[in-house]
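# Summary of structural features
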Amino acid sequence: MSWHDESSSPYDASELRKQKEEQVETELNPLGHSGSVAMFEEDLDGGDAEKDYVMIKPVNDEDDTSVMITFNQGITPFILTLTFVASISGFMFGYDTGYISSALVSIGTDLDNKELTYGDREIITAATSLGALISSIFAGTAADVFGRKPCIMFSNVMFVIGAILQVTAKSFWQMAVGRLIMGFGVGIGSLISPLFISEIAPKMIRGRLTVINSLWLTGGQLIAYGCGAGLTHVNNGWRILVGLSLIPTCIQFGFFVFLPDTPRYYLMKGNVQRASEVLQKSYPEATEELVQLKVNEMIQLNQSIPGKNIGQKVWNMTKELHTKPANLRALIIGCGLQGIQQFTGWNSLMYFSGTIFETVGFTNSSAVSIIVSGTNFIFTLVAFFAIDKIGRRKILLIGLPGMTVSLVVCSIAFHFIGITFVGNEAQVLHGGFTSWGIVIIVFIVIFAGFYALGIGTVPWQQSELFPQNVRGVGTSFATATNWAGSLVIASTFLTMLQNITPSGTFAFFASLACLSTFFCYFCYPELSGLELEEVQTILKDGFNIKASMVLAKKRKQQVASREKLKLEPTHEIIEA
Ligand SMILES: O[C@H]1[C@H](O)[C@@H](O)[C@H](O)[C@@H](O)[C@H]1O
């Protein structure tokens, strides 16, 4: 696949600008208002048809190069189909990371005719995270070179090979290699699915649609826990558990044979025709001229990075990502949020909640684990409704303090239970079912709720932070941070329990959650309702928290007051 060569692009930026300004002035300003038009709700052909766009002058637009043309339509079945099919990757992510804890219990002597050692278990668990870390480093660039859709289909192939190797495994190493290959698929899917969804989503519900991926993810974890509990005592039940993962991945592959890639990707490749077709299908009510305007604008705002070959392009993109202030800020936010998501300790509960609950006196630990992952799922659903309406920033700033308090309470409760570790053995001062044990369960469930509402969900909105020309590498860095964090936590949690006690471990997570609240308060602008291209203007000369909140609010008002705007077509929307 070749890179799009800008020199052959039929679009010249200044020509485009002129053309667009003329259109803005003559066609879109029938009432004759002067200056750079902020916003209109008039049909291009001047008819009475339902209005489907607004024109927006972006914030801090010093060089005045662009006028945003945003579709303002509801969601269509086509966009919904694309979203649901892409988010099957989320399900695979959740299911494949979720089934392993129960599979490990039921494998018994099925591999090499001997029990798995503690180290074997760690290797089998960590292999998927390692595979995901490796593939996420390359996935972003691959998505730009080969396309989003072919990469997702490639991840399906990895899932199938990985699952077959595991289902038929007679030896430990075959199982571990199967998990590693499955991890390649998980890493690719975890990056590309949210990226794909954010590129096809209408801006006002982009957050929600991306959360569908997280819903499938946490739902996948819940289903894996449920199936795992049901199959624990079935002979070779773990093979069935792994085999079941083949169904969704084959469905996704089958659908993608017929579905297109994103318009933004087609434009990167210079395929204007295909981009227009997909946009038109996504917004059937938009006029042809409007689609064309949108396409032109996307070309203008998303100039691709120069370079003779892939290596040079990747190098230039990485340079652009680190040297351009808006990109660097996006990178700090993207990696920062993914790091916070992992280092505040949630996955230690996903992987080891059974151990923790047994230690504090619960015999039916798998039931409690299902309650915890069920809470994760339900509050991801709450995030689904809140993320665009209440906004990403607010739910983060509700979630992180809530997590901090829950972790502090757990830390205190662990102190009173008095657990210490001698080797791998937990010794409990006040054993059995105590009131401090109940406090721990209750606050772990509350922690799960606050986690899922904010930091469990928001970091996966990462694609919206980066402009198209560095979106691939940018999301790669952020996703790799996530998997590196997950790997570190999975492999150090038990050691932390032993060395700094459970009370110290939870206090450590609490202090990180507290620091993270400040990070989000100072560095994370409100991006709900903003165009992907508009986010760059926000990050251009600072984190612009205040400006972002004003802008997001105004975008919401625009949508809410469409009727009023028809009567009153000129409103200056944005001031610097
Ligand atoms: O957003 C997800 C989700 O919160 C999962 O429950 C967790 O296991 C993943 O690591 C995370 O990336």
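Residues numbered from 1 in each chain as written. Predicted model: local features only at pLDDT ≥ 70, side-chain atom pairs only at ≥ 80, totals over all residues. Heavy atoms only, no water.

Looking at an unreviewed UniProt entry, one finds the chain named Major facilitator superfamily (MFS) profile domain-containing protein, with Zygotorulaspora mrakii as its source organism. Quoted straight from UniProt, the Sequence similarities (unreviewed entry) entry for the chain says "Belongs to the major facilitator superfamily. Sugar transporter (TC 2.A.1.1) family." Note on the chain: under the UniProt heading Catalytic activity (unreviewed entry), the record states "myo-inositol(out) + H(+)(out) = myo-inositol(in) + H(+)(in)". (UniProt positions renumbered as here; feature names shortened; annotations may be inferred.)

### Looking at the domain arrangement of the chain
Size of an interface, as often reported, equals the accessible area lost when the parts are brought together. Partitioning the chain into structural domains gives domain 1 (6–72 + 262–302 + 530–563) and domain 2 (310–524). Taken together, the contacts link 15 residues of domain 1 with 21 residues of domain 2. Buried area between domain 1 and domain 2, summed over both chains or domains, comes out near 1500 Å², and the portion from carbon and sulfur atoms is 59%. Connecting domain 1 to domain 2 are five residue pairs in polar contact (both at pLDDT 80 or more). (Domains from an automatic or database assignment. Contact = heavy atoms within 4.5 Å. Buried area = accessible area lost by both parts, 1.4 Å probe. Polar contact = N/O pair within 3.5 Å; in protein donor to acceptor, adjacent residues only side chain to side chain.)

### Here we look at helix α12 (residues 272–282)
Those residues of α12 not exposed but buried are Val272, Ala275, Ser276, Val278, Leu279 and Ser282. When α12 is viewed along its axis, its buried side chains cluster within an angular range of 165 degrees and face the same direction. For α12, the exposed residues set more than 90 degrees away from the buried face come down to Gln273 and Lys281. (Buried < 20%, exposed > 50% of the residue type's maximum accessible area, 1.4 Å probe, protein only. Helix = DSSP H or I, 4+ residues; strand = E, 2+ residues; numbered from the N terminus. Arc of directions from axis to C-beta.)

### Some thoughts on helix α22 (residues 545–560)
Taking 1.5 Å of rise per residue, 16 residues should cover 22 Å, and α22 covers 23 Å from first to last C-alpha, within 8% of that figure. Turning to α22, its buried residues number three or more, namely Ile545, Ala547, Ser548, Leu551, Ala552, Arg555 and Gln558. Projection of α22 onto a plane perpendicular to its axis shows the buried side chains occupying an angular sector of 160 degrees, all on one side. Across α22 from its buried face, at more than 90 degrees, point the exposed residues Lys546, Lys553 and Ala560. (Expected span 1.5 Å × (residues − 1).)

### A word on the side chain of Asp261
Note that Asp261 resides in the loop between α10 (246–258) and α11 (263–268). Setting aside anything within four residues of it in sequence, one finds Asp261 in contact with Gly147, Arg148, Lys149, Pro150, Phe196, Tyr266 and Val278.

### A few points about the packing of aromatic side chains
Per the stated rule, a full pass over the model turns up 19 aromatic pairs. Each ring, one from Trp346 and one from Phe447, has its centre 6.4 Å from the other, and the planes form 35 degrees; the classification is tilted. Residue Trp346 is found in helix α16 (residues 346–359), and its partner Phe447 is found in helix α19 (residues 435–453); the two are separated by 101 residues along the sequence. Each of the two residues, Trp346 as well as Phe447, counts as buried. Geometrically, the ring pair formed by Phe493 and Phe509 is stacked, given 6.3 Å between the ring centres and 10 degrees between the ring planes. Neither residue differs from the other here; Phe493 and Phe509 are each classed as buried. (Phe/Tyr/Trp six-rings, centres within 6.5 Å; stacked < 30°, edge-to-face > 60°.)

### Here we look at the site of the ligand
Neighbouring the ligand are Phe93, Leu217, Gln221, Gln341, Gln342, Trp346, Asn347, Asn376, Tyr451, Gly456, Trp460 and Asn482. One of the side-chain N or O atoms of Gln342 is found 3.1 Å from an oxygen atom in the ligand. Take Tyr451: an N or O atom from its side chain is 2.7 Å from an oxygen atom of the ligand. For the ligand, the accessible surface in isolation is 300 Å², of which the surrounding protein chains cover 96%. Of all the secondary structure elements, the ones that give two or more residues to the shell around the ligand are α8 (206–231), α15 (325–343) and α16. A class-by-class count of the residues in the shell around the ligand yields five nonpolar, seven polar and no charged. (Near = heavy atom within 4 Å. Areas by Shrake-Rupley, 256 points an atom, 1.4 Å probe, with all protein chains shown as cover. Nonpolar A, V, L, I, M, F, W, Y, C, P; charged D, E, K, R; others polar.)

### Some points on the pattern of salt bridges
Using the criterion set out here, one finds eight salt bridges in the structure. Between Arg148 and Glu199 there is a salt bridge; the shortest N-O distance is 2.8 Å. Here Glu199 lies in helix α7 (residues 172–200) and Arg148 lies in helix α6 (residues 148–167), a separation of 51 residues in the sequence. We note that Arg148, like Glu199, is buried. One connected set of salt bridges, linked through shared partners, spans Asp144, Arg148, Glu199 and Arg471. (Salt bridge = Lys/Arg side-chain N within 4 Å of Asp/Glu carboxyl O.)

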